[in-house]
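Below are the chains, spelled out letter by letter.
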Amino acid sequence: MLGKTEERTGRESRVGRRRFLWGGAAGVASSMASGGVGPAAMAWSKWTGAADMEDLTAIRAEIEKRHEEAVARLQTWIRQPSIAAENRGINEGCELMMQFLREMGFQQVARVPTDGQPGIFATLDAGAPKTVGLYFMYDVKQADPAEWSSPPFEARLVDKLELGKVMIGRGAVNQKGPEAALLAALHAIRGAGKKLPVNLVLVAEGEEEIGSPHFPQVVGREDVAAAMRKCSGVYMPYASQDPNGDVTIFLGAKGVVELELISSGEKWGRGPKKDIHSSNKARVDSPAWHLVEALATLVSADGNDPVIEGFAAKARPLSDVDKKMIADAARRLSEAEVKKLLGVERWIHDASWQEALEMLVSRPTINIEGLVGGYTGPGGKTILPGRAVAKIDMRLVPDMTAMEALAALKAHLAKKGFGDIEVKMSGGYDPTSTAADAMVIRVESAVYKLNGIDPVVMPRSAGSWPGFVFTGAALNLPAGHFGMGHGSGAHAPDEYYLIESSNPKVQGMDGAAMSHVEYLYELARS
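Numbers given for residues are sequential positions, taken from 1 along each chain in its written order. With pLDDT at 70 or above as the cut-off, local features in this predicted model cover only qualifying residues; side-chain atom pairs require 80 or more to be listed or tallied, and sums for whole chains, interfaces and linings still use all residues. Note: side-chain values were computed over all heavy atoms of the structure, leaving out hydrogens and water.

## As for the sheet that holds strand β4 (residues 156-160)
Step number 1: Strand order in the open sheet formed by four strands is β4-β5-β20-β19, and the pairing between neighbours is antiparallel. Lying at the two open borders of the sheet, with one neighbouring strand each, are β4 and β19 (487-488).
Step number 2: In this description, strands pair whenever DSSP reports at least two bridges between them. Helix numbers and strand numbers start at the N terminus; a helix is a DSSP run of H or I with at least 4 residues, a strand a run of E with at least 2. Pairing of β19 with strand β20 (residues 496-501), which is carried by two bridges, proceeds in the antiparallel orientation. Considered in β20, the bridge of G487 is made with Y497.
Step number 3: Contacting β4, β5 (164-168) and β20, helix α5 (residues 67-78) runs over the sheet at an angle of about 170° to β20. In this description, contact between two residues means that some pair of their heavy atoms is separated by no more than 4.5 Å. Here an angle of 0 to 180 degrees is reported between the N-to-C directions of two axes, which are lines fitted to C-alpha atoms, with helices fitted over the stretch in contact.

## Some points on the sheet that holds strand β12 (residues 365-373)
Step number 1: Taken in spatial order, the four strands of this open sheet run β12-β14-β10-β15, and their pairing is antiparallel. Of all strands in the sheet, those bounded by a partner on one side alone are β12 and β15 (422-429). Going across the sheet, the axis of each strand differs from the next one's by a mean of 15°, ignoring polarity.
Step number 2: Examined bridge by bridge, strand β10 (residues 255-264) and β15 share seven bridges and lie antiparallel to one another. Residue pairing for β15: L259 is matched across the bridge by M425.
Step number 3: Sheet contacts for helix α11 (residues 287-296): β10, β12 and β14 (387-396); angle to β14, the most-contacted strand, approximately 20°.

## Quick notes on a nonpolar patch on the surface
Step number 1: For patches, a residue must show more than 30% relative accessible area and have no salt bridge; joins then use 9 Å for like charges and 5 Å for nonpolar side chains, namely Val, Leu, Ile, Met, Phe, Trp and Tyr. Computed by Shrake-Rupley with a 1.4 Å probe, the accessible areas treat only the displayed protein chains as cover when residues are assessed. When a carboxyl oxygen of Asp or Glu lies within 4 Å of a side-chain nitrogen of Lys or Arg, that pair is called a salt bridge. Taken together, the side chains of L341, L342 and V344 define a hydrophobic patch exposed on the protein surface, amounting to about 300 Å² of accessible area.
Step number 2: One can find V344 in the loop between α13 (335-342) and α14 (353-362).
Step number 3: Accessible area is worked out with a 1.4 Å probe on protein chains only. A residue is then buried under 20% of its type maximum, exposed over 50%, and partly exposed in between. In this structure V344 comes out as partly exposed when scored by relative accessible area, which is 32%.

## Observations concerning the nonpolar core
Step number 1: Ranked by size, the top nonpolar core spans 74 residues in total, and within it L101, F106, I120, L200, Y497, V517 and L520 carry the most contacts.
Step number 2: L291, I366, M394 and I421 belong to the second largest nonpolar core, which has 27 residues in total. Take the buried residues of types Ala, Val, Leu, Ile, Met, Phe, Trp, Tyr and Cys, join any two whose side-chain atoms come within 4.5 Å, and each joined set is a nonpolar core.

## Here's the deal with the packing of aromatic side chains
The description of an aromatic ring pair rests on the distance of the ring centres and on the angle between the ring planes.
Step number 1: Within 6.5 Å between ring centres, the rings of Phe, Tyr and Trp (the latter by its six-membered ring) count as paired, and their orientation is classed by plane angle as stacked under 30 degrees, edge-to-face over 60, tilted in between. If you walk through the whole model with that rule in mind, you get 12 aromatic pairs.
Step number 2: Aromatic rings pair up to connect Y135, F215, W465 and F470 into one cluster.

## Focus: the pairing of strand β6 (residues 199-205)
Step number 1: Of all the seven residues making up β6, seven are buried; the element is thus mostly covered by neighbouring parts of the structure.
Step number 2: Judged by which residues are buried, β6 turns out to be covered on both faces: N199, V201, V203 and E205 on one side and L200, L202 and A204 on the other are all buried.
Step number 3: Relative to β6, strand β2 (residues 119-124) runs antiparallel, the two sharing five bridges. Bridge pairing in β6 places L124 opposite L200.
Step number 4: Of the pairings in the sheet, the one linking strand β3 (residues 131-137) to β6 comprises seven bridges and is parallel in character. Bridge pairing in β6 links T131 to N199.

## So, the packing of helix α16 (residues 439-450) against helix α18 (residues 509-525)
Step number 1: At a minimum axis separation of 10 Å, α16 and α18 run at an interaxial angle of 130°. Between α16 and α18, the angle falls in the class oblique. Judged by the twist between their axes, the crossing of α16 over α18 is right-handed. Where α16 abuts α18, its residues M439, V440, V443, E444 and V447 lie against S515, E518, Y519, E522 and L523.
Step number 2: Classification used: nonpolar for Ala, Val, Leu, Ile, Met, Phe, Trp, Tyr, Cys and Pro, charged for Asp, Glu, Lys and Arg, polar for all others including Gly. A breakdown of the residues in the contact of α16 with α18 according to their chemical character gives six nonpolar, one polar and three charged. Any angle that is under 35 degrees is reported as roughly parallel, and any over 145 degrees as roughly antiparallel; angles of 65 to 115 degrees are reported as roughly perpendicular and all others as oblique. Crossing handedness follows the turn of the near helix against the far one: under a right angle anticlockwise gives a left-handed crossing, and clockwise gives a right-handed one.

## Quick notes on the pattern of salt bridges
Step number 1: Across all of its chains, the model carries 24 salt bridges by this definition.
Step number 2: A salt bridge links D454 to R332, with the nearest nitrogen and oxygen atoms 3.9 Å apart. Taken together, the positions of D454 in the loop between α16 and β17 (456-458) and R332 in helix α12 (residues 320-332) put the pair 122 residues apart, joining distant regions of the chain.
Step number 3: Among the residues examined, D454 registers a relative accessible area of 47% and is labelled partly exposed.
Step number 4: On the accessibility criterion, R332 (37% relative accessible area) is partly exposed.

## Brief notes about helix α6 (residues 90-104)
Step number 1: Multiplying 1.5 Å by the helix residue count minus one yields the expected span of that helix. In this model α6 runs 21 Å from its N-terminal to its C-terminal C-alpha over 15 residues, within 8% of the 21 Å that 1.5 Å per residue would give.
Step number 2: Among all positions in α6, only I90, G93, C94, L96, M97, M98, F100, L101 and M104 are buried.
Step number 3: If you follow the buried residues of α6, they end up packed against α5, β1 (108-112), β2, β3, α7 (172-191) and β6.
Step number 4: Among the residues trailing α6, G105 stands out with phi positive, at a value near 120°.

## Some details on unusual backbone geometry
Step number 1: A cis amide bond links N174 to the next residue, Q175, at an omega of 5°.
Step number 2: Note on placement: Q175 falls in helix α7.
Step number 3: A cis amide bond links P398 with the next residue in sequence, D399, at an omega value of 10°.
Step number 4: Inspection of the secondary structure puts D399 in the loop between β14 and α15 (402-415).
Step number 5: Even without being glycine, S212 reaches a positive phi, approximately 50°.

## Things to note about the environment of E404
Step number 1: Relative to the helices and strands, E404 resides in helix α15.
Step number 2: Since its relative accessible area comes to 37%, E404 is described here as partly exposed.
Step number 3: Here the alpha-carbon distance between E404 and G310, two residues 94 residues apart in the chain, equals 8.8 Å.

## Topic: the packing of α6 against α7
Step number 1: Interhelical geometry of α6 versus α7 gives an angle of 20° and a closest axis separation of 10 Å. Comparing the axis directions of α6 and α7 gives the class roughly parallel. Every pair of crossing elements has a handedness; the one defined by α6 and α7 is left-handed. Across from M97, F100, L101, E103 and M104 in α6, the residues of α7 making contact are E179, L183, L186, H187 and R190.
Step number 2: Among the residues making up the contact of α6 with α7, the classes are represented as six nonpolar, one polar and three charged.

## Some words on the environment of A356
Step number 1: Relative to the elements of secondary structure, A356 occurs in helix α14.
Step number 2: For A356, a relative accessible area of 13% puts it in the buried group.
Step number 3: Distance from A356 to K230, taken between C-alpha atoms, is 40 Å for residues 126 residues apart in sequence.
Step number 4: If near-sequence neighbours (up to four positions away) are discounted, A356 is found in contact with W347 and A351.

Purely geometric stuff here, so don't read any function into it on its own.
Structure, rendered in structure tokens:
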């Protein structure tokens, strides 16, 4: 155990490291206060003005003072499991997020009932001319403790080689860490005695990880929709930096349909209604093989290209502008690093790096997440299963819709002789797009550049989030992601969020919080 002197010295060392690692307005404000007027400081001063620089200096000091408090808040959050897929801890997770919002100063915090798990609606009126929307989620993916080096709901702080101190836990980066960084920013603004530069309207859900099946009910509620219509844009907190400090901005995201295909002897009218001895395969049909045959009809022989009639009929091809973005990304992003991260050696069709990036953002996909049927334990059980299930996700590009994709799948199965297979959609939504010149994107890019980062811009993310509820016809709001900082392992074992960085190009939690302060101030000015 450390003595008091050693403990104090270690704490001071950590604070000094955080100060050293901060870039952008935080570091520049300090430099200006002490008389430094380098190029970066001059750029920030011209950009924000002297009054804002004074605010940023005070807020930066408040973030630093509240570091341990912010870390503890994130640990408390991660230690509360909130898994929609298992209906585990959702009510508690919802209440905890509402508590955090009330503690932060949101004047209205309301639970929003849905046909599934509850949403949250919160508002913070700062008396500002401009209002900004926030999207939060409080649910996380499942976690098998046997696969983790640290218990997934312990929120342990560990040293990670070449990165610094990280917090390991389910939800650490997706999305509790980035959301906690934004909350830390808001606490610091208030703690420094400064006025929040924008009003906030926050909507949150507890079903993002199962395809947001009821989130439209939250945003569609009359009082929520009325508040959202006052917003100039919507953003989701994000850990945007890769391990080298680089950032990619996405102008949207693919849509998704999550579903199960269920083959059973009972529905089929052939094969057993329950598991029977496998010796009967000589005379009895197999629902499992029936499912395999159905799956094989969905894609080309190599499993890569969807062949469902009408599925991709409305898929929008890449524009010349999109192709130019991707060509630039191919020059700037490392193919070798991405392959190493994914653990792959070749792209489908042996595509080039640029072709792989084009396919990533432009191609609809049909993926098998998992296959379950019969006995999967140790040894053999020699049964003929009466039921088999395939878990499927279908990724969609503009101008496809989730409902049309689902209808095309059902029609295809019926046409191919597999109409008995049950199609059970659990969640999903349409793609989302925001223009590159939209205010939330322009400000995002500007803040990154003032922090010395020239971001790569991509037409969309290959992943999905329910941004369509904001960008769609009902609201027509620009929406995107923002936030410095780093984390990785979403949906995987040992998910982590960077708390204290050992790389001056990558922000830890304090730097991430400061980036949100900078973003909110510039949103107010834009």
